[in-house]
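Secondary and tertiary structure notes
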Amino acid sequence: APSDTWYLAEGSTGGTPGERLNSGNFETWILVQNPGDDPALIDIFYQTPGGAVAGPQDVILEPQSRQSFDVSEGVPDEWSVSTQVIASEPVIAERSMYWNIPYARYADGAVMYAPRWCAHDSIGVVAPDFNWEVANCRTDTAFDSWILVQNPWDDVTAVISIDYTTPDGLVPGPQNVEIPPNSRESFQVSETVQGIQNVGATVRNTGGEEVTVVVEHSTYWGPSQGEEPQSYRVAAGDTICFPWENLI
C-alpha cells in the first residue's frame, strides 16, 4: 500500500575509477511514484556513516506521476547510504542501484575487459522494527552477502546484534554494535561465516533503549574464471528483510 514514509536501507555511490578489482562505481536512484489524485510534497533525507545529509526538499510530485532522484547529487562517493522518503500524501518508493564493471570475456583464448552494467532493486519498508530476519546470506564460492542496517532516528543510538543460522546451528555474528543516530552500517557476512551456501540471519535490538531500525540484505557474486570471490561483482540481488512483528 502507499505510505507517507518510506525507508530504504541499502544504497551506495562509491567507486574507484580506473581500478579493475572491486571497482564498484555505484549509482543509486530513489524512485517515487504518486498513484493518487492529489499532488504530494516530497522530502528526502540520507543516512550515512557520518550522519544525516539532507536530500531534495519540497519537491512537488504531481498526481499519477513518478520522479527519479540521483543520490550522488546529495551524497557523492559514499559507499554506505540509506534513505528516508517523507511525503504529504501516500506514495510508493523504490531504490535501484547500478554499477559498471570491466567484465571478463574470452575470445580466441584471450581475456578482454569491457564495461558492463549490472543492477539490483528493492522496494522500501514503511516502518522500522526491533528485530529482522533474512533467509539467504550465502558466502560459498563467489558469493558475497551483506546485512545493511539503517538507524533513521535523530537523537537515539541503536544497539544491534546479528546471529547467523547455518546447517550446523547458530553462529554468533557481530554483537552489541552501536549505530549512531541518522547513520547506516554494513556487515559482511563472510567475516563471521565463510564458504557456506545455506546461511540465514537474525538482526535484533540488544540495546537498553527500545530503538527500531531498518534492515536490508544484498548478495553479490563474482566471475567464474577462477578469480577471488570478491574480485568484482557481475550480478547481485537485494531485498528488504522480514520484521518480527509479522511472525505469528
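Scope of this entry: the structure provided in the associated data block. (Residues numbered from 1 in each chain as written. Predicted model: local features only at pLDDT ≥ 70, side-chain atom pairs only at ≥ 80, totals over all residues. Heavy atoms only, no water.)

1. What to know about the side chain of arginine 184
Looking at where arginine 184 falls in the secondary structure, it is placed in strand E14 (residues 183-188). From its side chain, arginine 184 meets the backbone oxygen of alanine 9 in a polar contact 3.0 Å long. A polar contact of 3.0 Å, which involves the side chain of arginine 184, links it to the backbone oxygen of valine 81. Apart from residues lying up to four places away in sequence, arginine 184 is in contact with Ala9, Glu10, Gly11, Gln47, Thr48, Pro49, Trp79, Ser80, Val81, Ser82, Leu148 and Val149. (Helix = DSSP H or I, 4+ residues; strand = E, 2+ residues; numbered from the N terminus. Polar contact = N/O pair within 3.5 Å; in protein donor to acceptor, adjacent residues only side chain to side chain. Contact = heavy atoms within 4.5 Å.)

2. What to know about the nonpolar core
Ranked by internal contacts, the top residues of the largest apolar core, which has 25 residues, are Ile147, Val149, Ile160, Ile162, Tyr164, Val203 and Val215. Contributions of two or more residues to this core are made by strand E9 (131-134), strand E10 (143-151), strand E11 (158-166), strand E15 (200-205) and strand E16 (214-221). Ranked by the residues each element gives to this core, the list is headed by E11, at 4 residues. When near neighbours in sequence (up to four residues on either side) are disregarded, valine 149 contacts Ile160, Ile179, Ser183, Arg184, Glu185, Phe187, Val203, Val213, Val214 and Val215. Formed by 19 residues, the second largest nonpolar core is a distinct cluster that contains Trp6, Val59, Val91 and Ala93. (Core = buried A, V, L, I, M, F, W, Y, C linked by side-chain atoms within 4.5 Å. Buried < 20%, exposed > 50% of the residue type's maximum accessible area, 1.4 Å probe, protein only.)

3. A word on the packing of aromatic side chains
This model, assessed by the stated rule, comprises 5 aromatic pairs. Plain terms: the ring middles of phenylalanine 26 and tryptophan 99 are 5.4 Å apart, the flat faces sit at 50° to each other, and that makes the pair tilted. Of this pair, phenylalanine 26 sits in strand E2 (residues 26-34) while tryptophan 99 sits in strand E7 (residues 82-107), and the two are 73 residues apart along the sequence. Accessibility classification places phenylalanine 26 together with tryptophan 99 in one group, the buried group. Three or more aromatic residues joined by ring pairs form one cluster here, namely Phe26, Trp79, Trp99 and Tyr220. (Phe/Tyr/Trp six-rings, centres within 6.5 Å; stacked < 30°, edge-to-face > 60°.)

4. Describing the pairing of E16
The buried fraction of E16 amounts to 7 of the 8 residues, a majority that puts the element mostly inside the structure. With 8 bridges connecting them, E10 and E16 associate as antiparallel partners. Bridge pairing links aspartate 144 to tyrosine 220 in E16. Where E16 lies against strand E17 (residues 235-240), 6 bridges are found, and the strand directions are antiparallel. Note on E17: the bridge partner recorded for tryptophan 221 is alanine 235. (Pairing = 2+ DSSP bridges.)

5. Describing the pairing of E9
Judged from the 4 bridges that link them, E9 and E15 form a sheet pairing that is antiparallel. Within E15, the residue paired with glutamate 133 across the bridge is threonine 202. Of the pairings in the sheet, the one linking E9 to strand E18 (residues 242-243) comprises 2 bridges and is antiparallel in character. Note on E18: the bridge partner recorded for tryptophan 132 is proline 243.

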